[in-house]
Amino acid sequence: MALPDVKQELTAARLDANAVPESGAWLAAARADAVARVQSMGLPTKRDEYWKYTDPTTLTSAQAPEAAVFEASDEAPLYDTIDRLRVVFVDGVFDAEASDDLTLEGVTIERLSDAGRADIHWAKDLYGVLETKGQIPVERPLAALNTALATDGLLIHVTGTPTKPISMIYRHKDASSDAVLHHVVKVEAGASVTILENGPAAARFNKCMEIDVADTGAFHHIRAQGRDHERRAVTHMFGRLGTESVFKSFTLTANGVLTRNEVVLELTGDDAQAHVAGAALGDGAFHHDDTVFITHDAVNCESRQVFKKVLRNGAVGVFQGKILVQPDAQKTDGYQISQSLLLDDDSQFLAKPELEIYADDVACSHGSTSGAIDEDALFYLRSRGVPKGRAEDLLVLSFLAEAIDEIEDADIAADILGRLEAWLERRRG
Amino acid sequence: MLEIKNLHVKLEEEDKQILKGVNLSLEAGKVHAIMGPNGSGKSTLSYVLSGKDGYEVTDGEVHLLGEDVLDMEPEERAAAGLFLAFQYPVEIPGVGNMTFLRTAVNAQRKQRGEEELSAGDFLKVVREKAKTLKIDADMLKRPVNVGFSGGEKKRNEILQMAMLEPKMCILDETDSGLDVDAMKLVSEGVNALRDAGRTFLVITHYQRLLDHIKPDVVHIMADGKIIKSGGPELALEVENNGYADILAEVA
Ligand SMILES: Nc1ncnc2c1ncn2[C@@H]1O[C@H](COP(=O)(O)OP(=O)(O)OP(=O)(O)O)[C@@H](O)[C@H]1O
Ligand SMILES: [Mg+2]
């Protein structure tokens, strides 16, 4: 089917604006394939069903809209007290000075821009591969665009259990930067890794991460999308889960004019576990979209989606979440909750929760709610002497608790909570 | 301690007058009880005193230790020494009971210009007070009132009162939902707090509670007014004969 003219032009303009980076044979092939797929799918417009609630115009435009760099001097950097291997990207460009040496026991870490020059590499079986699989049944052209254009990223091969998390820090210094990064994580059987991400990254950021978790492997991911108000981000995570593997991802988003986080997971081995959670805080010009698609393709797997958004002053939250249970995926335990706390009448939450079930012996539940602060609870707290602002914050934190609880590591959870509390405190002035 | 003069209150949203001229003078160190038929305005009085939204004071005044209470925010009233044990304690999922207690205690201390309690000191005091009310460590850790039984919620109210050490304590049907043993525990908790500088206003339907917490004065409230006041014998009269005689007497 031929693409409509608008889409064709849009797609051509975007592809023209960035050159496909030079690479070695394996990567060049993946990129060429991705370019062809982008051309045939076309980049999304707001008329696409999957972009009904979020206008992708600024994510697909040839030039990235400018985003003022936001100097946050009133807050200690996140994960400051956590022993981690730091990898810094500034506006999408690897910063060797600021980064640690990329060696860590139990894992090999390479840069895409280095490894991509080789003729052959283990990442060949994953780079763009999980992304391609994730295009069915719903197309995600911005992810294919990423595969085509990514200038760098990390190829992480986890063979053991590294003693510390790998922490990717995305700095934003240039008001018109347009960054495209692509990471691949391969977790071998029985291995386990924790990946941290934080920072605003760029004026516009397109990031893709493909994660393959082999049998009994574990992948933990905690992300904080940083404080720049004007930055835009579209991110994709594509995960494939083997037997008895664990995949847990949590994202905190505070500020940002536009964020679209897509997570596409396939549980392919029995007894696997996938948890995806998010807490988003928006004030004013803030549009935050979580789009999640979890496919159960094996027996006795568990998946949880827990998304909470606190919105005020016209902020908009979006949730599109799906659990697809294939005919053979008996004994599936699927849970999905998306909730918003609207702190005023100007803000809105748009949710499209979906269940599609083809197996008969499953337990799936989903729920979506939108509500205001519970006045009775607020009065109860105030009647005990807790000032109104602090009482509201406590109720906001209590609203977010179910999502925060998904962070397994207590130190990291405390750090995320601290960031949240600081955000709330600043709003109170 | 607490002076209520000619208090008239209507609902903010509706044209419904609930309190129609309440007068009460509660002296320091005393225990006053209010009894009265369902819907007579007892809980409304307790809410208006503690500053809940949704009510409009159309006339009258309230002074706590000489200060005009009606102008204060609920948290200011609490810091000034007012405490309400709710008839229906509120569940707050996601906020741990202990966090809640410590936040409340320290918020009040801060408002009064006192130093905040350290985590260690606080823990010691809570554990001790919780023990006398048979509140176990698990209940302290759980979210505020979530999944608590009726009686547990009421004991939790008394624990809060014991921690906050208010000067003016209003207990709205704290006895409802309590078994016989819990009633004793709660009463002992209250009695332990009785002293010359503290006043209690105990709202109840039953004489039974007043066997444990001996009131100095008993008031009968009906249709938004205090229609009769007397000694503890008034509660016995209600217990034996209901409200019909008293209502007839003042009609
Ligand atoms: N927010 C409200 N909206 C509508 N009616 C109200 C509201 N608050 C109180 N009322 C009404 O005011 C009257 C007094 O209620 P209140 O709860 O104060 O009675 P009470 O004396 O505490 O009764 P009980 O003994 O049953 O606890 C009742 O008729 C009640 O329905
Ligand atoms: Mg009542």
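As the structure is a prediction and not an experimental result, all values here were calculated from the model.

S.K.: So, the overall build of chain B: which residues are in play, and what are the values?
M.R.: Within chain B, the secondary structure is distributed over ten helices and twelve strands. Dimensions of chain B, computed from the C-alpha atoms along their principal axes, are close to 55 × 40 × 35 Å. Expressed as a percentage of its 251 residues, the buried residues of chain B come to 53%. Here chain B has roughly 11,100 Å² of accessible surface; of this, 47% comes from carbon and sulfur atoms. Placing the 30 positive and 42 negative side-chain charges of chain B at their respective mean positions leaves the two points 6 Å apart.

S.K.: Which residues make up the overall build of chain A, and what values do they have?
M.R.: The helix and strand inventory of chain A stands at nine helices and 20 strands. Computed over its C-alpha atoms, the radius of gyration of chain A comes to 21 Å, within 12% of the 22 Å expected for a compact globule of 429 residues. Viewed in the frame of its principal axes, chain A has a C-alpha envelope of about 70 × 50 × 50 Å. For chain A, buried positions account for 59% of its 429 residues. Excluding contacts between residues fewer than 6 apart, the proportion of contacts in chain A whose partners are at least 24 apart in sequence is 85%. Surface summary for chain A: the accessible area is close to 15,800 Å², and the carbon and sulfur share equals 48%. When the 42 basic and 69 acidic side-chain charges of chain A are each reduced to a single mean position, those positions are 4 Å apart.

S.K.: Give me the coordination of the magnesium ion (ligand 2): which residues, what numbers.
M.R.: All names here are of chain B. Summarising the metal site, the magnesium ion (ligand 2) is bound by the protein donors Ser 43 (OG) and Gln 87 (OE1), whose distances to it range over 2.0 to 2.2 Å. Here Gln 87 lies in the loop between β6 (82-85) and β7 (92-96) and Ser 43 lies in helix α1 (residues 42-50), a separation of 44 residues in the sequence. We classify Gln 87 as buried; its relative accessible area is 13%.

S.K.: I'd love a proper account of helix α7 (residues 375-383) of chain A, names of residues and values included.
M.R.: All names here are of chain A. Counting buried residues in α7 gives seven out of nine residues, a clear majority hidden from the surface. Among the residues of α7, Ala 377, Leu 378, Phe 379, Tyr 380, Leu 381, Arg 382 and Ser 383 are the ones counted as buried. Looking at where α7 begins, the residue whose side-chain oxygen comes 3.0 Å from the main-chain nitrogen of Asp 376 is Asp 374. At the exit of α7 stands Gly 385, carrying a positive phi of roughly 100 degrees.

S.K.: Kindly report on the site of ligand 1, identifying the contributing residues and their values.
M.R.: Residues and elements named next belong to chain B. Surveying the vicinity of ligand 1 reveals 16 residues, the closest of which are Gly 39, Lys 42, Ser 43, Thr 44 and His 205. Here an oxygen atom of ligand 1 and a backbone polar atom of Ser 40 are 3.2 Å apart. His 205 is positioned with one of its side-chain polar atoms (N or O) 2.9 Å from an oxygen atom of ligand 1. About the coverage of ligand 1: the protein hides 64% of its 630 Å² of free accessible area. With three residues, α1 is the single largest residue contributor to the shell around ligand 1.

S.K.: With reference to specific residues and values, describe the nonpolar core.
M.R.: All names here are of chain A. The biggest cluster of nonpolar side chains holds 115 residues, and the ones touching the most others in it are Phe 250 and Ile 416. The biggest single contributor to this core is helix α8 (residues 388-404), with nine residues. Non-local contacts of Phe 250, meaning those with residues more than four positions away in its chain, are made with His 221, Ile 222, Arg 223, Ala 277, Gly 278, Ala 279, Ala 403, Ile 404, Ile 407 and Ile 416. Counting residues in hydrophobic clusters, the runner-up holds 50 residues, among them Ala 179, Val 185, Ile 195 and Val 276.

S.K.: So what's going on with the pattern of salt bridges? Residues and values would help.
M.R.: Residue and element names in this part refer to chain A. Applying the stated criterion across every chain, the model contains 36 salt bridges over all chains. The salt bridge partner of Glu 262 is Arg 140, with a shortest N-O separation of 2.7 Å. Here the residue Glu 262 occupies a position in strand β13 (residues 258-267), and Arg 140 occupies one in the loop between α5 (129-133) and α6 (141-149), the gap between them amounting to 122 residues. Just as Glu 262 is buried, Arg 140 falls in that class too.

S.K.: Break down the sheet that holds strand β5 (residues 67-68) of chain B for me, with residues and values.
M.R.: All names here are of chain B. Here four strands make up an open sheet; going across it, the order is β2-β1-β4-β5 and the pairing antiparallel. Of all the strands in the sheet, just β2 (17-26) and β5 have a single pairing partner and so form its edges. Inspection of the sheet shows strand β1 (residues 2-11) paired to strand β4 (residues 55-64) by eight bridges, in the antiparallel sense. Paired with His 8 across the bridge in β4 is Asp 59. Where α1 meets the sheet, its contacts fall on β1, β2 and β4, and the angle it forms with β1 comes to roughly 105 degrees.

S.K.: Which residues make up the confidence of the model for chain B, and what are the values?
M.R.: Mean pLDDT over chain B: 90, with 100% of residues reaching 70 or higher. Scored by ipTM, the complex comes to 0.94, with pTM at 0.89.

S.K.: Quick rundown of the sheet that holds strand β16 (residues 302-312) of chain A? Include the residues and the values.
M.R.: Residues and elements named next belong to chain A. Taken in spatial order, the ten strands make up an open sheet running β2-β1-β6-β8-β10-β12-β14-β16-β18-β20, and their pairing is mixed. Edge positions in the sheet fall to β2 (93-94) and β20 (363-371), since each of these pairs with one other strand and no more. As judged from the nine bridges shared by strand β12 (residues 246-254) and strand β14 (residues 273-283), these two strands associate in the parallel manner. Of the residues in β14, the one forming a bridge with Lys 248 is His 275. The sheet contacts of α8 involve β12, β14, β16 and β18 (333-342), and relative to β16 the element is tilted by about 155 degrees.

S.K.: Hey, could you go over the packing of aromatic side chains for me, with residue numbers and the actual values?
M.R.: Residue and element names in this part refer to chain A. Counted by the stated rule, this structure contains twelve aromatic pairs over all chains. Considering the side-chain rings of Phe 219 and Phe 247, the 5.0 Å spacing of their centres and the 35 degrees angle between planes classify their relative orientation as tilted. On the criterion of sequence distance, the pair formed by Phe 219 in strand β10 (residues 218-225) and Phe 247 in strand β12 is long-range, its members being 28 residues apart. The pair Phe 219 / Phe 247 is uniform in exposure class, with both members buried. Sitting above the plane of the Trp 51 ring, Arg 260 keeps its charged end 3.6 Å from the centroid.

S.K.: Help me get a handle on the packing of helix α3 (residues 97-111) of chain B against helix α6 (residues 150-164) of chain B, residues and values and all.
M.R.: Residues and elements named next belong to chain B. Where α3 meets α6, the closest approach of the two axes is 10 Å, and the angle between their N-to-C directions is 35 degrees. At the point where α3 passes α6, the crossing takes the right-handed sense. Touching Asn 97, Phe 100, Leu 101, Ala 104, Val 105 and Gln 108 of α3 are Asn 156, Leu 159, Gln 160, Met 163 and Leu 164, all from α6. In terms of residue class, the contact of α3 with α6 is made up of seven nonpolar, four polar and no charged.

S.K.: Please give an account of the pairing of strand β1 (residues 85-90) of chain A that cites residues and values.
M.R.: All names here are of chain A. Of all six residues that make up β1, five are buried, and the element is covered over most of its length. The pairing of β1 with strand β6 (residues 166-171) spans six bridges and is classified as parallel. Paired with Phe 89 across the bridge in β6 is Tyr 170. Across two bridges, β1 lies against β2 in antiparallel orientation. Residue pairing for β2: Phe 89 is matched across the bridge by Phe 94. Hairpin connection of β1 to β2: two residues between the antiparallel strands, including Asp 91 at a positive phi of 50 degrees.

S.K.: Tell me about the side chain of Arg260(A), residues and numbers included.
M.R.: Residue and element names in this part refer to chain A. With respect to the secondary-structure elements, Arg 260 resides in strand β13. A polar atom in the side chain of Arg 260 sits 3.2 Å from the backbone oxygen of Tyr 50. Among the polar contacts listed, one links the side chain of Arg 260 to the side chain of Asp 289, at a separation of 2.7 Å. In contact with Arg 260, not counting residues within four places along its chain, are Tyr 50, Trp 51, Thr 54, Ala 233, Val 234, Thr 235, Asp 289, Thr 291 and Gln 320.

Criteria and thresholds
Residues numbered from 1 in each chain as written. Chains lettered and ligands numbered in written order. Predicted model: local features only at pLDDT ≥ 70, side-chain atom pairs only at ≥ 80, totals over all residues. Heavy atoms only, no water. Helix = DSSP H or I, 4+ residues; strand = E, 2+ residues; numbered from the N terminus. Buried < 20%, exposed > 50% of the residue type's maximum accessible area, 1.4 Å probe, protein only. Areas by Shrake-Rupley, 256 points an atom, 1.4 Å probe, with all protein chains shown as cover. Lys, Arg positive; Asp, Glu negative; His and termini not counted. Charge placed at Lys NZ, Arg CZ, Asp CG, Glu CD. Rg over C-alpha atoms; globule rule 2.2 N^0.38 Å. Contact = heavy atoms within 4.5 Å. Donors = N, O, S within 2.8 Å, 3.2 Å for Na, K, Ca; no water. Polar contact = N/O pair within 3.5 Å; in protein donor to acceptor, adjacent residues only side chain to side chain. Near = heavy atom within 4 Å. Core = buried A, V, L, I, M, F, W, Y, C linked by side-chain atoms within 4.5 Å. Salt bridge = Lys/Arg side-chain N within 4 Å of Asp/Glu carboxyl O. Pairing = 2+ DSSP bridges. Axes fitted to C-alpha atoms, helices over the stretch in contact; angles between N-to-C directions. pLDDT = per-residue confidence, 0-100. Phe/Tyr/Trp six-rings, centres within 6.5 Å; stacked < 30°, edge-to-face > 60°. Lys NZ or Arg CZ within 6 Å of the ring centre and 35° of its normal. Left-handed = near helix turned anticlockwise from the far one by under 90°. Nonpolar A, V, L, I, M, F, W, Y, C, P; charged D, E, K, R; others polar.

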